[in-house]
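Now for the letters of each chain:
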Amino acid sequence: MTDSKYFTTTKKGEIFELKAELNSDKKEKKKEAVKKVIASMTVGKDVSALFPDVVNCMQTDNLELKKLVYLYLMNYAKSQPDMAIMAVNTFVKDCEDPNPLIRALAVRTMGCIRVDKITEYLCEPLRKCLKDEDPYVRKTAAVCVAKLHDINAQLVEDQGFLDTLKDLISDSNPMVVANAVAALSEIAESHPSSNLLDLNPQSINKLLTALNECTEWGQIFILDCLANYMPKDDREAQSICERVTPRLSHANSAVVLSAVKVLMKFMEMLSKDLDYYGTLLKKLAPPLVTLLSAEPELQYVALRNINLIVQKRPEILKHEMKVFFVKYNDPIYVKLEKLDIMIRLASQANIAQVLAELKEYATEVDVDFVRKAVRAIGRCAIKVEQSAERCVSTLLDLIQTKVNYVVQEAIVVIKDIFRKYPNKYESVIATLCENLDSLDEPEARAAMIWIVGEYAERIDNADELLESFLEGFHDESTQVQLQLLTAIVKLFLKKPTETQELVQQVLSLATQDSDNPDLRDRGYIYWRLLSTDPVAAKEVVLAEKPLISEETDLIEPTLLDELICYIGTLASVYHKPPSAFVEGGRGVVHKSLPPRTASNESTESPEAAPAGAPTGEQPDVIPTQGDLLGDLLNLDLGPPVSGPPLATSSVQMGAVDLLGGGLDSLIGDTNFGAPPAAAPARPGAPIGSGLSDLFDLTSGVGTLSGSYVAPKAVWLPAMKAKGLEISGTFTRQVGSISMDLQLTNKALQVMMDFAIQFNRNSFGLAPAAPLQVHAPLSPNQTVEISLPLNTVGSVMKMDPLNNLQVAVKNNIDIFYFSTLYPLHILFVEDGKMDRQMFLATWKDIPNENEAQFQIRDCPLNAEAVSSRLQSSNIFTIAKRNVEGQDMLYQSLKLTNGIWVLAELRIQPGNTSFTLSLKCRAPEVSPHVYQAYETILKN
């Protein structure tokens, strides 16, 4: 009889009967009873009442029974922690059992019981098992350390298990090495700052030796670990590649992809002139091709990875085009992915083959696939110039089929072909115009309108065609409306006498009857251009257009480099970095490819200097005007002034102002300098009022706070602002933040009408009053202004966190600059935490939120440090002396209510301090550390 009998329900009083059977003297009966208990547990019945009885069955030599009891224990230990302690003695005993299977079983179960009370009892047995003579026990113990670290990281570090794990990397057994690497990698991922896997050529050699002998999953752990290593030179990189290459012929696709990842990464360091480089390229192709003979799901993952590889190194698969040809029974997701790779590999050598294939696909029945195939023909034309003519004739053949969706896709891609090869294929326009009535998709309609507007002079009835679209203007999508507006303006500039009424009609529809701000704005700009300067309008609207590039959908190079480092993981399937889809981003480290050996360019971007550091150079975080315009200015334009209609009798447009008030009045209406809602007078002051506050001297509010002020730095050089130079710094005094500005006029004309506005930022900094420059600023004159700030503005997380984007307006223009403010201006005066509260909060904040920093070359003693920090609202709560070291426990609070707790270790006679910071928002910690550095060193 099979085990299904244990799942059949028994009579009433089931628990009582099982209890009796568990306490039976007969071994067989005991085993049957435990099986029934496990069966009940599996189907979801609560058998936790039998905990003590099941635990008593642990004392047995029977391995099967022991496994069942351990299974029960893992399930119920969390809900019965007090009972689980009863099992500790048995674990300790089992860890010394002569049978290695029982020792390993005990240590594996110990790792799965996630109960804090028990963990410390398990340290001793675990330590013995890590040094066990049997490799099976050692490899199981290695994984147990990672599990224990997840439950109690501090305990693992204190007990020295991490050092033992590092020693296991040199173990004689390859599986032990693989598990030790896997455990260390997992621990390192949750603590990115710790340098656990300290790889060097010796340890790499041991890993490569173990690679040949361990199981497939062990090989994956080792290969992933190798991918994080940075060889010291190209010779070492080549040596590692040579020893990893045999893994490419492995039967497991995960091993193959992990090996490809290592090779792709280290190839960056090899010179392309090396013979070995060419050999390696040839060796990479066959395993990737083999992956495409697996089942569809694996094929898809392989294709997504190949897509990245082809973008990085197309030469690997340039001769393998045929394997990407679509099979009739491929699922649609595989077909679309293959199609994408075919285009990426298309070249002059194989284009005839590719086009024949694509034309075949365009007659398939699957609509999505056919659309993609038609698009692909257009992409081929743009990518391979020699094939353009053949592609266009293929597209015309497809248009003749009169299949609606094929025609629409063909028109969309022909528009792109016109953009790439102007004045070459315009003869086909007549054919396109015949299909005008059948277009019902916005993208195809917009493409056709663009073609008619762009080549209006070649189309006799262009005005009639565009007028037909204008009849249902308000029912069209925005994309079509914008395109129609531009096309009619182009037509008007080419044939002004015949189309004056048409342009007036479209401008009126776009500006007066439309709710869409994009459409309205474009309408006003055209209207204004046409009415003030038709020559300028012609130059703008009919300007020479840049040719479109061949590959518009390539992944951005830095992202591609990062994704290459994640080949074989989910990131390579999503084509997104892990930080984009891993919630909380814990343990997500940005990876990048090693720098090329031949390249002399620095691959590191210079670190931005601390905001308070007295450097003359401002960090270059100034965005382009395009980035800032929409978000920063947020101009509050008044309603447009509708002017008289276009004079129909006049052809010369310069005489009539179509907008009446025009843009001048619009820009004059800008609501620029008005301060935001009234701010509290003292944002940082403690809550509470009256006499008690006056005498609360400890809070530091009553005294003038001497917070450190950085010297002024040039934020906006005169050459970038038409002669206006702006220098500045930030200060905090008695709970008020201000921006101290120095404006210098280095131009030849007077400057006045100053106003200032901030973009949304991480802490809601905003001007608390308008920018007051009382007299016009004459040439070569300098004025100093203190602009009060508050923290009640709009909030948006910036990168870096303390980035502030500013717009300054005067009578000449609007100027933009960006600066980094020191975080200590946001430390409020009531940032002193109660001692008990400090202890509770420190324990409550998770360990992974703790960050450690070194402050070097600081010759101050503990008292001087404490008083200097207190003047900038970093409060010392307690001070202890431990083994000759001074430990300062400190707290500070930011204006948005975030608390930061700190432990500062000062060794008398040593100028390096260790700063540990804990905060619920860990991204704040590096900026708080910068504030410490700035305050203590200035």
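Right above here is the structure, for reference.
So, how was this worked out
- Residues numbered from 1 in each chain as written.
- Predicted model: local features only at pLDDT ≥ 70, side-chain atom pairs only at ≥ 80, totals over all residues.
- Heavy atoms only, no water.
- Pairing = 2+ DSSP bridges.
- Helix = DSSP H or I, 4+ residues; strand = E, 2+ residues; numbered from the N terminus.
- Axes fitted to C-alpha atoms, helices over the stretch in contact; angles between N-to-C directions.
- Patch = residues over 30% accessible without salt bridge, like charges linked within 9 Å, V, L, I, M, F, W, Y side chains within 5 Å.
- Areas by Shrake-Rupley, 256 points an atom, 1.4 Å probe, with all protein chains shown as cover.
- Salt bridge = Lys/Arg side-chain N within 4 Å of Asp/Glu carboxyl O.
- Lys, Arg positive; Asp, Glu negative; His and termini not counted.
- Charge placed at Lys NZ, Arg CZ, Asp CG, Glu CD.
- Buried < 20%, exposed > 50% of the residue type's maximum accessible area, 1.4 Å probe, protein only.
- Phe/Tyr/Trp six-rings, centres within 6.5 Å; stacked < 30°, edge-to-face > 60°.
- Lys NZ or Arg CZ within 6 Å of the ring centre and 35° of its normal.

Peer 1: Can you walk me through the sheet that holds strand 12 (residues 899-906) in this structure?
Peer 2: Either a parallel or an antiparallel arrangement is found when strands of a sheet pair, and the pairing is made through backbone hydrogen bonds. The strand order 9-13-12-11-10 describes an open sheet built from 5 strands, whose pairing is antiparallel. Edge positions in the sheet fall to strand 9 (850-855) and strand 10 (875-882), since each of these pairs with one other strand and no more. Geometrically, the sheet is characterised by an average inter-axis angle of 20° between neighbouring strands, direction not taken into account. Both strand 11 (residues 885-893) and strand 12 contribute to a ladder of 8 bridges, which runs antiparallel. The residue of strand 12 that forms the bridge with Met 887 is Arg 905.

Peer 1: When you look at a negative patch on the surface in this model, what are you seeing that I'm missing?
Peer 2: Judged by side-chain charge, Glu 464, Glu 467, Glu 471 and Glu 501 come together as a negatively charged surface patch. As for its placement among the helices and strands, Glu 464 is situated in helix 27 (residues 462-470). Using a relative accessible area of 53% as the deciding quantity, one classes Glu 464 as exposed.

Peer 1: Hey, could you run me through the packing of aromatic side chains in this one?
Peer 2: Aromatic rings in a pair are described by how distant their centres are and how their planes are angled relative to each other. Under the defined criterion, the tally for this structure stands at 11 aromatic pairs. Seen from their ring centres, Tyr 574 and Phe 581 are 4.8 Å apart, and the 90° between their planes marks the pair as edge-to-face. By relative accessible area, Phe 581 is classed as partly exposed at 27%. For the ring pair Trp 715 and Phe 817, a centre distance of 6.0 Å and an interplane angle of 25° mean the geometry is stacked. Note that Trp 715 is positioned in strand 1 (residues 713-716) and Phe 817 in strand 8 (residues 814-820), a separation of 102 residues in sequence. There is no split in this pair, since Trp 715 and Phe 817 are both buried. Members of the aromatic cluster, joined through ring pairs, are Trp 715, Phe 730, Phe 817 and Tyr 821. The residue whose ring lies beneath Lys 335 is Phe 369, and the NZ or CZ to ring-centre distance is 5.2 Å.

Peer 1: For this particular structure, what's the right way to read unusual backbone geometry?
Peer 2: It is generally the case that most residues other than glycine have a negative phi and that most peptide bonds are trans. Omega for the bond connecting Asp 799 with Pro 800 falls within 30 degrees of zero, at -5°, which places this linkage in the cis form. Positioned with a positive phi, Lys 722 is a non-glycine residue whose angle comes to about 50°. Considering the arrangement of structural elements, one finds Lys 722 in the loop between strand 1 and strand 2 (724-733).

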